[in-house]
Amino acid sequence: MTQRTELATVLDRLAVDELITAYAVAVDDGDWTAYRRLFTADGRADYRSAGGIEGDAGRIAEWLTESLALFAMRQHLIVNRRVRFGILDHDTGDTASVRADYLNPMRFTTTDGPTAPDLICGGRYDFALLRTPEGWRLREVVVKEKWRSLSAEGAATP
């Protein structure tokens, strides 16, 4: 591997990492316009293992808008990212896959104050990415929820 190839790989890894982080931030902030822009035109997501739906990014954004309205706070942590680059049309590095774990604590919207119940879930994401003229974009997101917990205790407030 040449230095130029190594540098290009490092830059791609940084761009892929930025895309995955932008995904988490868009979901947590409820920025569905930004969420849609993260996907290719034919990009899809599958949230069925978490009790959700599967569909194109627009349909998923609409479903997330409704589903996540139940929560006043979301903090989506995506960790242990494993990035692999693939080949498309005989050119290296045009595709990437990311397998990453997530932890997602959420606070229900309620008038009960700081002791509102929390929902915490965790699992794994499989992301499929494609290099486009606009940069890296998501072609597919598959959520594999492994566990969830409902706590009536609530987290301490700062």
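Up top is the structure.
These remarks concern the structure in this document.

Conventions we followed
- Residues numbered from 1 in each chain as written.
- Predicted model: local features only at pLDDT ≥ 70, side-chain atom pairs only at ≥ 80, totals over all residues.
- Heavy atoms only, no water.
- Salt bridge = Lys/Arg side-chain N within 4 Å of Asp/Glu carboxyl O.
- Helix = DSSP H or I, 4+ residues; strand = E, 2+ residues; numbered from the N terminus.
- Buried < 20%, exposed > 50% of the residue type's maximum accessible area, 1.4 Å probe, protein only.
- Phe/Tyr/Trp six-rings, centres within 6.5 Å; stacked < 30°, edge-to-face > 60°.

1. Brief notes about the pattern of salt bridges
Under the criterion given, the structure shown has 10 salt bridges. Note that Arg131 is salt-bridged to Asp12, the shortest N-O span being 2.8 Å. With a gap of 119 residues between them, Arg131 in strand E6 (residues 118-132) and Asp12 in helix H1 (residues 3-29) connect regions that are remote in the sequence. When its relative accessible area of 33% is taken as the criterion, Arg131 is described as partly exposed. Arg48 is paired through a salt bridge with Asp46; the nearest N and O atoms lie 2.7 Å apart. Beyond isolated ion pairs, a larger network of salt bridges with shared partners links Asp12, Asp94 and Arg131.

2. With respect to the packing of aromatic side chains
Two descriptors summarise a pair of aromatic rings, namely the distance from one centre to the other and the angle between the planes of the rings. Applying the stated criterion to the full structure yields 10 aromatic pairs. On the numbers, 5.4 Å between centres and 80° between planes, the contact of Tyr23 with Phe127 is edge-to-face. Of the two residues, Tyr23 sits in helix H1 while Phe127 sits in strand E6, which places them 104 residues apart along the sequence. Centre to centre, the rings of Phe85 and Trp136 are 5.9 Å apart; their planes meet at 50°, and the pair counts as tilted. Linking Phe85 in strand E4 (residues 77-88) with Trp136 in strand E7 (residues 135-151), this pair joins segments that are 51 residues apart in sequence. By relative accessible area, Phe85 is classed as partly exposed at 28%. Through successive ring pairs, a cluster of aromatic residues spans Tyr23, Trp32, Tyr35, Phe39, Tyr102, Tyr125 and Phe127.

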